[in-house]
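As a plain string of letters, each chain reads:
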Amino acid sequence: MIRVDVTTFFFIMVTLPVVFIVISWLYVEYKHKTKESKPEGQVISRCDICQFPFMHDKDEEIFKCPRCGSYLEIKDKKS
Ligand SMILES: [Zn+2]
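Residues numbered from 1 in each chain as written. Predicted model: local features only at pLDDT ≥ 70, side-chain atom pairs only at ≥ 80, totals over all residues.

Trainee: How should I be thinking about the overall build of the protein in this particular structure?
Mentor: Regarding its fold elements, the protein presents one helix and four strands. Burial analysis of the protein (79 residues in total) assigns 0% to the buried set. Here the analysis covers contacts within the protein between residues at least 6 apart in sequence; of these, 5% occur between residues at least 24 apart. (Helix = DSSP H or I, 4+ residues; strand = E, 2+ residues; numbered from the N terminus. Buried ≥ 20, exposed ≤ 12 C-beta atoms within 10 Å, placed from the backbone. Contact = placed C-beta atoms within 7 Å.)

Trainee: Would you mind going over the confidence of the model for the protein with me for this structure?
Mentor: The predicted coordinates should not be examined in detail at positions where pLDDT is low. Taken as a whole, the protein shows an average pLDDT of 87; of its residues, 89% reach a score of 70 or greater. The secondary structure element of the protein with the lowest average pLDDT is strand β1 (residues 42–46), at 88, and the one with the highest is helix α1 (residues 6–35), at 92. (pLDDT = per-residue confidence, 0-100.)

Trainee: Please clarify how the pairing of β1 should be interpreted in this entry.
Mentor: Within a regular strand, side chains alternate between the sheet's two faces. The element β1 is barely covered by neighbouring structure, given that only zero of its five residues are classed as buried. Hairpin connection from β1 to strand β2 (residues 53–57): six residues lie between these consecutive antiparallel strands, with Gln 51 at a positive phi of about 60°. (Pairing = 2+ DSSP bridges.)

Now the structure itself:
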C-alpha cells in the first residue's frame, strides 16, 4: 500500500479535479474558437433574384447565391 500524508492526499484530491476542469475548459474554448466563422475579408450581399442575404469573399467578382443558385456580379465595385 502506498503511504501518503494527509495534506498530500487532500492536495491531490483538490488539484486533480481542478486541473481536469481547467484542461476541459481550455479544450472546449479551443474547439469553439476554431468552429467560429472568420468574417474578415467577407462582405454581405443580397441576391437580385430571391433577395436572400449571404456572405461571400470580398475579392470575388462573380459569386453564386446559396439559395437559388443564380450567378451574381458585383455592380458597384470601388476600385
Ligand atoms: Zn438567390
